[in-house]
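Residue strings, one per chain:
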Amino acid sequence: MHQNRSSLLPCLIAVALPLVGCGRAHPAADLVIVHGRVWTVDRAHPEAEALAVVGSRIVAIGSDSEIRSWTGPSTQVIDAQGKTVLPGFNDAHVHFTSGGNEISGVQLRDAATPKEFANRIGEHAKKLNKGEWITGGTWDHELWGGTPLPSHHWVDAVTLDNPVFVTRYDGHMAMANGLAMKLAGITRATRDPAGGTIVRDPQGNPTGLMKDAAMDLIALGIPTETEEQLLRDAHAAMNEARRNGVTTIQDISSAEDVRAYQTLEKRGELTLRIYCITPLPQWEAPARTGIRAGFGDEWIHLGALKGFADGSLGSTTAMFDQPYNDAPNTSGIPNAMMLPEGNMLKMALGADKAGLQLAVHAIGDNANATMLDIYEQIEKQNGARPDRRWRIEHAQHLRPGDFDRLAKLGVIASVQPYHAIDDGRWAEKRIGHERCKTTYAFKTLLDHGVRLAFGSDWTVAPLSPLLGIYAAVTRATLDGKNPGGWFPEQKLTVAQAVEAFTLGSAYAEFRETEKGSLTPGKLADVVILNGDLFSISPEKIKESAVSYTIVGGKVVYRPGRR
Ligand SMILES: [Zn+2]
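This one's a predicted model, so the numbers in the text were calculated from it and none came from an experiment.

Asker: Just checking my understanding: could you explain the overall build of the protein for this structure?
Answerer: A tally of regular secondary structure across the protein gives 18 helices and 24 strands. Along the first, second and third principal axes, the C-alpha atoms of the protein reach 85 × 55 × 50 Å. Among the 562 residues that make up the protein, the fraction classed as buried is 57%. Taking the contacts inside the protein whose residues are at least 6 apart along the sequence as the reference set, 72% of them involve residues at least 24 apart. Only carbon and sulfur atoms are counted for the fraction: they give 53% of the accessible area of the protein, which is about 22800 Å². Charge separation in the protein, taken as the distance between the mean sites of 58 positive and 64 negative side-chain charges, equals 1 Å.

Written out as structure tokens, the structure reads:
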């Protein structure tokens, strides 16, 4: 639970700061927002018209007339013109620097045909120096209807000098060109690694397509980015985040990312706050240093560990109890971190004992159940402890009996609503109607008392909380085939979706007393929209946009300005 400190704090602030005149028991605000439809996400005071900020914190919230007393000669006043004012969005699951990198790389996400896919790669190659890699892309072969997965033959003629390794948008398969395979030494004699597949043609020759762990055969040979490149990526990504009202990200970070973020903080260039979620297999490094979940300052903190239990639905690698309807020879493959048997439990036990937070990717019903078994096992072996805040990233397909287990263990469902309207186009073909009933089951999760933390999973989906809210509220699939909602009983209200993208995700990063609601004492991370989210029809939410993004009391974004 978050505490409501609104009645206490103005007095505390008044004591702590110099008084301005005798009649006024508090200083003038640095920033005041008036005439807003303020939705605070603070259950004690859900609605207001105005708020005041001193320094980086909210000091008062109330009616226009109540907040007017905070206005002094040097106060910046923003007139919200009756539009929605919300806590800044907190995206609980992003791949931030790869997002920034993709903004400037080859764009394949909307390549509608294999020909376009190949053309765009060829065009991009012309802009590069000899030997430079073409990566990213985030292609989606589901757009190509019935066409087989991409093959190196499609692009080899136009990429003779540039190795290519372009990824499907879910990150669970990628296509290498001939040169990339040559550099990695992959031939028809190369065997599939554990937890991965080298796709082959009927003659047994690799097609260039690598699934899950097989991706490493190529990926490990790609030169890592320099810090200079990473800083450029992070700036491109922050630009995208400001535009979308994102004031905190929870980032799946590499050590290089963590270093780059520190450089940005030192230079005063951060325009959002970052919770760094680092790789679970390296849990001993933070553990040995004595770092616990949530360690850091108000800009950067860390102590969560990202693991993987399985693959993805789109790549037919998510682990299910029963085989796929459209691929009856498989029910998915466990991630390499699950192997050998007991490996995940061993890492998770050690990390938990050290006070680190576990955030493990699980998509299929079997993978989710296995992770819940592991969390139960940890409770048995390491003992009960409040506030572990275990997370399952995606929690996409659940056994009907597992909702209660999530609630009982206090596991946070770190979910991405946009995936529901994206995968909803074809999920039933893959796993059938019955299993889809407990797929992206956000309402059932809430009904069971499970905490939701919303995120985008950018670059898998757009970095847009408003699109995520639209998805959770309408469940209208991207193909327009379910205007009334795909499994409409799982729709959320706007208020529930907003809470999951603010307070819910703040809870998931141990920061719900600092942000996630517009409450006096909390950080002044605020967004103002260009409309009234609560009165427009749900299908219009996707046309909404951000008019102001405010981080720590500073305006970091206005449309048309940088
Ligand atoms: Zn992800």
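More follows now that the structure is in view.
Asker: Explain the coordination of the zinc ion here, please?
Answerer: Tetrahedral metal sites with four donors have an ideal angle of 109.5 degrees; octahedral sites with six donors have ideal angles of 90 or 180 degrees. The protein atoms that coordinate the zinc ion are His 93 (NE2), His 95 (NE2) and Asp 457 (OD), at distances of 2.1 to 2.2 Å. Every donor residue of the zinc ion comes from the same chain, spaced as H-x1-H-x361-D. Within this pair, whereas His 95 is found in the loop between strand E8 (89-94) and helix H3 (96-103), its partner Asp 457 is found in the loop between strand E21 (452-454) and helix H16 (465-474), the two being separated by 362 residues in sequence. This pair shows no difference in class: His 95 is buried, exactly as Asp 457 is.

Asker: Explanation requested: the nonpolar core in the structure shown.
Answerer: One broad trend across soluble globular proteins is that nonpolar side chains are buried collectively. Counting 82 residues, the largest nonpolar core has Met 344, Met 371, Tyr 375, Ile 392, Leu 452 and Phe 454 as the members making the most contacts within it. Setting aside its immediate chain neighbours within four residues, Leu 452 contacts Ala 413, Val 415, Phe 442, Leu 445, Leu 446, Leu 492, Ala 500, Gly 504 and Ser 505. Grouped together as the second largest cluster of nonpolar side chains are 21 residues, Leu 230, Ala 237, Ala 260 and Leu 463 included.

Asker: Sorry if this is basic, but what is going on with the packing of aromatic side chains here?
Answerer: Two aromatic rings, taken as a pair, are described by how far apart their centres are and by the angle between their planes. Evaluation of the coordinates by the stated rule reveals 14 aromatic pairs. Ring plane angle 20° and centroid distance 6.3 Å describe the contact between Trp 139 and Trp 144, whose orientation is recorded as stacked. Residue classification places Trp 139 among the buried positions, given a relative accessible area of 0%. Consider the rings of Trp 486 and Phe 487, whose centres lie 4.9 Å apart with planes at 85°: the pair is edge-to-face. Under the relative-accessibility criterion, Trp 486 is labelled buried at 3%. Judged by relative accessible area, Phe 487 falls into the buried class, the value being 8%. Stacked on the ring of Tyr 169, the Lys or Arg Arg 109 has its end atom at 3.9 Å from the ring centre. Of note, Arg 273 hangs over the ring of Trp 299, and the distance from its end group to the ring centre comes to 4.4 Å.

Asker: What's the story with unusual backbone geometry in this structure? I'm lost.
Answerer: What you tend to see is this: most non-glycine residues have negative phi, and most peptide bonds are trans. The omega torsion of the bond from Leu 339 to Pro 340 falls at -10°, within 30 degrees of zero and hence cis. Mapped onto the fold, Pro 340 is located in the loop between strand E17 (300-308) and helix H10 (343-353). The omega torsion across Trp 458 and Thr 459 is 20°, close enough to zero to call that bond cis. Its location among the elements puts Thr 459 in the loop between E21 and H16. Positive phi values are uncommon outside glycine, yet Asp 212 reaches one of about 45°. Within the secondary structure, Asp 212 is located in strand E13 (residues 206-212). Residue class for Asp 212 comes out buried when judged on its relative accessible area of 13%. A positive phi angle, near 60°, is found at Phe 510, a position not held by glycine. With respect to the element layout, Phe 510 can be found in the loop between helix H18 (503-508) and strand E22 (526-529).

Asker: Help me out: how do you make sense of the side chain of Ser 544 in this one?
Answerer: Topologically, Ser 544 is positioned in the loop between E22 and strand E23 (546-551). With residues near it in sequence (within four places) discarded, Ser 544 still touches Leu 466, Asn 530, Leu 533 and Ile 536.

Asker: Sorry if this is basic, but what is going on with the environment of Leu 372 here?
Answerer: Along the chain, Leu 372 falls in helix H11 (residues 365-382). Each C-alpha atom, one on Leu 372 and one on Leu 406, is 7.2 Å from the other, the two residues being 34 residues apart in sequence. Each residue touching Leu 372, except ones within four places of it in the same chain, is listed here: Ile 392, Asp 402, Arg 405, Leu 406, Leu 409 and Val 411.

Asker: I keep staring at the environment of Arg 475 and nothing clicks. Help me out?
Answerer: One can find Arg 475 in the loop between H16 and helix H17 (494-500). Remark: the alpha-carbon pair of Arg 475 and Gln 357, spanning 118 residues in sequence, is separated by 31 Å. Once residues within four sequence positions are removed from consideration, Arg 475 is found in contact with Ile 421, Thr 439, Tyr 440, Phe 442, Tyr 470, Asn 482, Gly 485, Trp 486, Phe 487, Gln 490 and Lys 491. Among the polar contacts listed, one links the side chain of Arg 475 to the backbone oxygen of Tyr 440, at a separation of 2.7 Å.

Asker: I tried to follow the sheet that holds strand E9 (residues 134-139) on my own but got confused; where do I start?
Answerer: Paired through their backbone hydrogen bonds, the strands of a sheet run either parallel or antiparallel. Across the sheet, 5 strands lie side by side as E9-E10-E11-E13-E12; this open sheet has mixed pairing. Among the strands making up the open sheet, the edge pair consists of E9 and strand E12 (196-200). Averaged over neighbouring strand pairs, the angle between their axes works out to 25° when direction is ignored. Relative to E13, E12 runs antiparallel, the two sharing 4 bridges. The residue bridging Arg 200 from the neighbouring strand is Pro 206, located in E13. Contacts from helix H4 (residues 114-126) reach E9, strand E10 (164-168) and strand E11 (173-176), with the element oriented near 150° to E9.

Asker: Looking at this model, I keep getting lost on the side chain of Asp 251. Mind explaining?
Answerer: Looking at the element boundaries, Asp 251 is found in strand E14 (residues 246-252). Of the buried charged residues, Asp 251 lacks a salt bridge, with Lys 306 as the closest side chain of opposite charge at 9.4 Å. A polar side-chain atom of Asp 251 sits 2.8 Å from the main-chain amide nitrogen of Phe 96. Apart from the residues lying within four places of it in its own chain, the contact partners of Asp 251 are Val 94, His 95, Phe 96, Asp 257, Tyr 261, Ile 274, Tyr 275, Cys 276 and Ile 277.

Cut-offs and rules
- Residues numbered from 1 in each chain as written.
- Predicted model: local features only at pLDDT ≥ 70, side-chain atom pairs only at ≥ 80, totals over all residues.
- Heavy atoms only, no water.
- Helix = DSSP H or I, 4+ residues; strand = E, 2+ residues; numbered from the N terminus.
- Buried < 20%, exposed > 50% of the residue type's maximum accessible area, 1.4 Å probe, protein only.
- Contact = heavy atoms within 4.5 Å.
- Areas by Shrake-Rupley, 256 points an atom, 1.4 Å probe, with all protein chains shown as cover.
- Lys, Arg positive; Asp, Glu negative; His and termini not counted.
- Charge placed at Lys NZ, Arg CZ, Asp CG, Glu CD.
- Donors = N, O, S within 2.8 Å, 3.2 Å for Na, K, Ca; no water.
- Core = buried A, V, L, I, M, F, W, Y, C linked by side-chain atoms within 4.5 Å.
- Phe/Tyr/Trp six-rings, centres within 6.5 Å; stacked < 30°, edge-to-face > 60°.
- Lys NZ or Arg CZ within 6 Å of the ring centre and 35° of its normal.
- Polar contact = N/O pair within 3.5 Å; in protein donor to acceptor, adjacent residues only side chain to side chain.
- Pairing = 2+ DSSP bridges.
- Axes fitted to C-alpha atoms, helices over the stretch in contact; angles between N-to-C directions.
- Salt bridge = Lys/Arg side-chain N within 4 Å of Asp/Glu carboxyl O.

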